[in-house]
Structures are given as C-alpha cells and as structure tokens.
Amino acid sequence: MFEAYLIHLAILICIYAVLAISLDLAMGYTGLMNMGHVAFFGIGAYTSALLNMAGVPFIVSMLAGALLAGIFGFILSWPTSRLRGDYLALATLGFSFIIESFMKNWTSLTRGPLGIPGIPRPNIFGLVISSQLSYMIFSLIVMVVCFFIITRIEKSPFGRLLEAVRDDEVAAKTLGENVRHIKSMGLLVSAFFAGIAGSLYAHYISFIDPTTFSILEVILLFSIIIVGGLGSSKGALIGTIIILLIPEPLRFIGFPSSIVGPARQIIYALLLLLIIYFKPKGLFGRVKLGEN
Amino acid sequence: MEKDIAPILELQDVSKNFGGIKALDKCSFYIKKGMITGLIGPNGAGKTTAFNIITGLLKVDEGKVLFLGKDISRMPTYLVARIGLARTFQQVRLFDNLSIEENLLVAINHPGEKFHKCFFYTRKSNSFKKKIEEALAFVGLNKSMTTIASELSYGQKRLVELARALMMDYSLLLLDEPTAGVNPAVREKLKSLLRKLKKQGKTILLIEHDMDFVMSLSDEVIVLSSGTKLMADKPEKVMKDKRVLEAYLGK
C-alpha cells in the first residue's frame, strides 16, 4: 500500500518535472511571463486522450498532443510578441481561460465539465504499460528524455539567443537577431513539452476534466520554478520534488482532509515568502524574478 | 557641404511625431563614408529619435532613410543590423546575465545559432574566440571573458558594449553618447579608439554632449534643433556659428 503511494508520488513528480522544466524554458530562459502553460498541458492531455480513444496508437497520440500544444504556443506568440512582464502574464492567462472555456463548452468533443473517463494506459507497439511500477519507469524515461532535450537546447547557441532576448530585446534586435522568431520558437518548444506532460498525465490518471487545468495549477507551477530558481532545468526538477513532497507528511499526521488542503496552501505560501526573502534567485536560479 | 564623397546614410525629410510632439520635423541630413560625423543639438532636438529611426526601432511617419543606397525606413531592426548597421546606446544595454564572451557572441550571426542546429553545436565550443579576444584587446578591457556582464563597472560595460558592436559586420557605427558617465581616462581612450576605427576605414556617427570630444574628433558636425537640421559643416565653422549658440542658449 505504502509502496503504491510512493510510486504514485514518483509518477506525479515526473509529470510535473516535465511541466516545470518546459515552463522554465519559456520563463527562465526566454523571459516570457507565461501564465498559460496549463493550457498547453490541457491541450496535450485532451488531444492525446481523444485520439488514443479513437484508435490512434499511443505514441502518435502523444506526439500529436505535444505538436498541437506547440502549434498553439507558436500562434500565441504572435499577438503577444510586443508584450512583456505583467502584460504578457495577463495575456497568456487570458489564453488559458479561452482554452479552459473550450474544454468546458465544446461538449460534443470534450464532454464538457463531465470530463473524459476511461483513458487507456499506453500501448507501445503491443507493450501495455499497465502496472503502477511500469508506468513509473515509463514516465521516468520520458522525463529524462525531455530533460535532456531541453537542457541541450538551453546549452546550444540558440539557447544563448533565448537568454539574450530575455535580458534585452532591443539590444538583441540591433545585433541582428530576429527576436520575434526566437520568442516564437521558445514558446513552441516550451508548449510542446507541456503537451507531452499532458499526455503522460491523462493516460496515468485515466480521467481528465477542465478543472485539472485551472489557474490553481499555474500557481503550483510558479511555486515550483520560483523555489527551484529561474533559468535552471536542474532547479525546476528539484523544485518539483520539493514542492510535491513537502505537503505530503500532512497526510500522516492525522488531520482531517478539510485541514490538509488549506494547510498545503499555507506551506506553499510560507515557502515562497522564505525563498523570496532569503534567496530571491531560488535554489539554483541564475536570474531574479521580474528583473526584466 | 558638398556631396564629394558618397553618402553612406541619408535621411530625406524624415518626420516622426509622438502624439502632438514633433520629435523630427522634415529632417534631412547625410553621412559621408569613411568619416566621423558628430550629431549635436540641445536636449530634445531629436538626436536619439533619429538614431532609433535609422536603426528601425521606430518607424518614420514620413520621409525616407537610405542606407547603402537602400530604403531602410520600413525594414525591421534586425535586418537593418544585418546589412551593416551597428549601434550602442545612451544607457548601456548589455545582456546582464551573460558573460562578456557570450555578449559578444550574440553579435555574430552565424548559422550555428539557428534553432534546428540545436543538437549540433554547444555554447561552450566557441570558434570565434580569437575575434573576441581581438575586440576586447582593441577596446583595452582586461577582464576575463567569462565575467558576467552585471559584475562590471559602468565604464567597463561601455567598453564591452562597444566591443560587441565591433563584432558585427558593420559599415556604419552609431554611438549614442559614448562618453556619458565615463571618467576622463576612458574618454581619452575612446577618442583614440574611434580614430583608429576611422583609420581602418569605418564610418562613425556619434551623438555627443561633450563639445571638446565631438569637435576634436569629428570631420563634420550636424546640428539638430527642434527636430530639424540647423546646419552641417566642419567643426570649427559650427563652433563659430551664431545659430548654434542660439539653439543651445536661446536668443
């Protein structure tokens, strides 16, 4: 029983790590205050679940979900290309509300607030990942691959351009860099991997509904990358582990669940305050939040 | 001033309004190749606006900007930069979280930095090290290349910004108040650097408030006032001109 619980936590950590690392690519590396990350998470989850249930092979569904999320990221970058900081945060938040409203109201496709139950476990070339343990291994592999690819992008010369755009768009332009395109690509890749995380989530929990991809998740993700530190994939990974594990002991103290929920929020808030007060760059961050 | 040497940059009746304010009002001037040209004028004369128009950061309301014979008034900033226009800023604009080396590398547009080449190159392998070392030696900055930009003093940041502009494949260099906020020693150094660049055949246009600096360095001086060209001539003539004094001090 306890073992199953630990495996469950490990799977969630893998999924959220992919989300956090991809969000950090947009926020920490490209400097885009992106509050719409959960929308990409949701697009990936819904697309992958619906395609797979319609008979499309799992791997194709997963990649299609990620690709669609990436395309949405790319498209979102056009109207928001002149926005920065708080304004961009609001615009991307608006985008996530639009997507949420599609999930709620396009009932013929998404079943609206009823959600989509019975999403099957992945079947990869006949190999069904059904047990908890195998799903943990599967998501760990996916997470490591995503981590590797994203850090590889960050450490490439293109990653340098992302950082240059974050630090000073105007200077980057006058040095001959196509800032608009760089931001679009940054958001595309970030959204793509959020889509991967969405697919992982949908096929694990086997049920998704619009509330899964609400603003509360954004706050959780922001907490993760603020604690871990902006501009560091390692920070995003360790931030995920910390944020997901810290409230867990509450379950064992024996509080009623009506207290556990709010207590979790209190712990997150305290943690954020402590980090911002004592270590404004987070644990492994290289960039201060809101510096640009 | 006669057009005896081909102009590399020309503004033709450029106007730019900000709301009701005419920052540039049918402003026309041109820059000759291989020369240092000073752009002076009282505060609010439109000097920095002119720079922003030339580099495409602002778009003209009316008029044309010709660079190397091409109309660049509707061209996006990054393309203007790629065809050979480098600039520095009044307020230094470095990439604060990047090292000196990486700051300079951003100025080199090489194919390896394209997105689809992500998995073939890493940031660490730098095939332009020699070029960077030369640029840093040229501006006389003795700091380790790996120093993060935000750790530099103001004067050092200015030098890095200049070195970064020099990394570009430019034919015209725009300097917006290069001496603002730097000590006299760095100022002298800048002067000799700009002279060296001129000797190498580079064309420089600089905005400057330090009259000694601009008059001793420039081959020609353009005076802007209220968004239009007041005059353009040799420094000694500009200095003696009554209209210039009036523009600065009032009648």
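Coordinates for the structure precede this section.
Summary of the structure given here.

## Focus: the overall build of chain B
Summing up its helical and strand segments, chain B has 9 helices and 10 strands in all. Computed over C-alpha atoms, the radius of gyration of chain B comes to 19 Å, within 12% of the 18 Å expected from 2.2 N^0.38 for 251 residues, which places it in the range of a compact globule. In terms of overall dimensions, chain B has C-alpha extents of about 60 × 40 × 35 Å along its principal axes. By residue count, 45% of the 251 residues in chain B fall in the buried class. Counting only contacts in chain B whose residues sit at least 6 apart along the sequence, the fraction spanning at least 24 positions is 67%.

## Focus: the pairing of strand S10 (residues 228–233) of chain B
Residue and element names in this part refer to chain B. With 5 bridges joining them, strand S9 (residues 220–225) and S10 adopt antiparallel strand pairing. Bridge pairing in S10 places Val223 opposite Met231. Between S9 and S10, which pair antiparallel in sequence order, lie 2 residues; one of them, Ser226, sits at a positive phi of approximately 45 degrees.

## Here's the deal with the environment of Arg166 of chain A
Residues and elements named next belong to chain A. Turning to its location among the elements, Arg166 is positioned in helix H7 (residues 157–167). Under the C-beta neighbour-count criterion, Arg166 is labelled buried, with 28 such atoms within 10 Å. Here the alpha-carbon distance between Arg166 and Val287, two residues 121 residues apart in the chain, equals 9.8 Å.

## Some points on the environment of Arg152 of chain A
Its place among the elements puts Arg152 of chain A in helix H6 (residues 132–154). Other than its neighbours up to four places away in sequence, Arg152 of chain A contacts Cys118 and Phe119 of chain B.

## Focus: the interface of chain A and chain B
At the interface, 26 residues of chain A touch 27 residues of chain B. Elements supplying a minimum of two residues to the side of chain A that touches chain B: H6, H7, helix H8 (169–174) and helix H9 (179–205) of chain A. Class assignment of the residues belonging to the side of chain A that touches chain B gives a composition of 12 nonpolar, 5 polar and 9 charged.

## Side note on the packing of H6 of chain A against H9 of chain A
Residues and elements named next belong to chain A. One way to put it is that H6 packs onto H9 with a least axis distance of 12 Å and a crossing angle of 175 degrees. The angle between the axes of H6 and H9 places the two elements in the roughly antiparallel class. Two secondary-structure elements touch here, H6 through Tyr135, Ser139, Val142, Cys146, Ile150 and Ile153 and H9 through Val189, Phe193, Ile196, Leu200 and Tyr204. Grouping the amino acids of the contact of H6 with H9 by side-chain chemistry returns 10 nonpolar, 1 polar and no charged.

## Thoughts on helix H4 (residues 129–139) of chain B
Residues and elements named next belong to chain B. Those residues of H4 that sit buried are Ile132, Ala135 and Leu136. In a view along the axis of H4, the buried residues occupy a sector of 95 degrees, so they form one face of it. Of the residues in H4, the exposed ones pointing more than 90 degrees away from the buried face are Lys130 and Ala137. Looking at the buried side of H4, the elements it contacts are helix H3 (100–106) and helix H5 (154–166). The positive-phi residue at the C-terminal boundary of H4 is Gly140, with phi of around 75 degrees.

Calculation criteria
Residues numbered from 1 in each chain as written. Chains lettered and ligands numbered in written order. Predicted model: local features only at pLDDT ≥ 70, side-chain atom pairs only at ≥ 80, totals over all residues. Helix = DSSP H or I, 4+ residues; strand = E, 2+ residues; numbered from the N terminus. Rg over C-alpha atoms; globule rule 2.2 N^0.38 Å. Buried ≥ 20, exposed ≤ 12 C-beta atoms within 10 Å, placed from the backbone. Contact = placed C-beta atoms within 7 Å. Pairing = 2+ DSSP bridges. Nonpolar A, V, L, I, M, F, W, Y, C, P; charged D, E, K, R; others polar. Axes fitted to C-alpha atoms, helices over the stretch in contact; angles between N-to-C directions. Parallel < 35°, antiparallel > 145°, perpendicular 65-115°, else oblique. Arc of directions from axis to C-beta.

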